[in-house]
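These are the residues of each chain, in order.
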Amino acid sequence: MALAEQRGASNNMIRLLLQGSHTPKKGTKERAIWEKTDPIRLLRKCMTNKMRSTHWRSAHKSKKEFMESFKANALVKGDPVKGPAVMVLGVCLAREADVDATIKSILDAAQGIVLESGDDKDIHALFVTKSKATRDGMSPHVVMAVESIETGGDACHAMIHEALLVVRKSA
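All of these numbers come straight from a predicted model, not from anything done at the bench.

## A short note on the environment of valine 76
Right, so step 1: By secondary structure assignment, the location of valine 76 is in strand β2 (residues 75-77).
Right, so step 2: When the C-alpha atoms of valine 76 and valine 114 are compared, they prove to be 8.6 Å apart, with 38 residues separating the residues in sequence.

## Details of the sheet that holds strand β4 (residues 123-132)
Right, so step 1: Sheet architecture is open: 5 strands sit in the order β2-β1-β5-β3-β4, paired in mixed fashion. The sheet is open, and its two borders are formed by β2 and β4, each paired with just one other strand. Direction aside, neighbouring strands of the sheet carry axes that sit 10° apart on average.
Right, so step 2: In terms of strand pairing, strand β3 (residues 85-93) meets β4 through 9 bridges, oriented parallel. Within β4, the position partnered with valine 88 by the bridge is phenylalanine 127.

## Thoughts on the side chain of aspartate 122
Right, so step 1: Within the secondary structure, aspartate 122 sits in the loop between α5 (99-114) and β4.
Right, so step 2: Among the polar contacts made by the side chain of aspartate 122, one reaches the side chain of serine 117 at a distance of 2.4 Å.
Right, so step 3: Residues within four places of aspartate 122 in sequence aside, it is in contact with Gly83, Pro84, Ala85 and Ser117.

## Here's the deal with unusual backbone geometry
Right, so step 1: Of note, the bond from glycine 83 into proline 84 is cis; its omega dihedral lies within 30 degrees of zero at 0°.
Right, so step 2: Mapped onto the elements of the fold, proline 84 is located in the loop between β2 and β3.

## Details of the pairing of β3
Right, so step 1: With 9 of 9 residues buried, β3 is to be regarded as a mostly interior element.
Right, so step 2: Where burial is concerned, the two faces of β3 agree: the one with Ala85, Met87, Leu89, Val91 and Leu93 and the one with Val86, Val88, Gly90 and Cys92 are both buried.
Right, so step 3: With 8 bridges joining them, β3 and strand β5 (residues 141-148) adopt antiparallel strand pairing. Pairing of valine 86 across the sheet is with glutamate 147, part of β5.

Criteria and cut-off values
Residues numbered from 1 in each chain as written. Predicted model: local features only at pLDDT ≥ 70, side-chain atom pairs only at ≥ 80, totals over all residues. Heavy atoms only, no water. Helix = DSSP H or I, 4+ residues; strand = E, 2+ residues; numbered from the N terminus. Pairing = 2+ DSSP bridges. Axes fitted to C-alpha atoms, helices over the stretch in contact; angles between N-to-C directions. Polar contact = N/O pair within 3.5 Å; in protein donor to acceptor, adjacent residues only side chain to side chain. Contact = heavy atoms within 4.5 Å. Buried < 20%, exposed > 50% of the residue type's maximum accessible area, 1.4 Å probe, protein only.

Written out as structure tokens, the structure is:
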């Protein structure tokens, strides 16, 4: 489904969900497909190559694959917001991740989707939560809510409050 078809009515807020799955067993056909298509797996690969790569081409290829997967798999509700904006970003990965590399990769992939200007310089406040995905609990995912500061008002505070409640429940 195209991003434009997934968007609902404008409410000065946009929400985004990028859902992944847990790692299939080694040596299976599902594992080979998962490694090439799962957006959260591609996010982790992008972060790893960005941080440890000895050659820019491998880091660029990983980032490009993640950004394409992000655009293809992100479930979006709402229209891009006009800056300045506040963003609440929730990241749930199977393993502990370096937060700054995660944020950079996600913001680069999402800026053309969630912001009218297409540039993350319009994010004036960023609240990040992280939790751990477990096989018997939450699946790996990224969730994002972006609200215009100028037209949003109290909804910005409600988004942060909601994110804090999620963090408290997962802690």
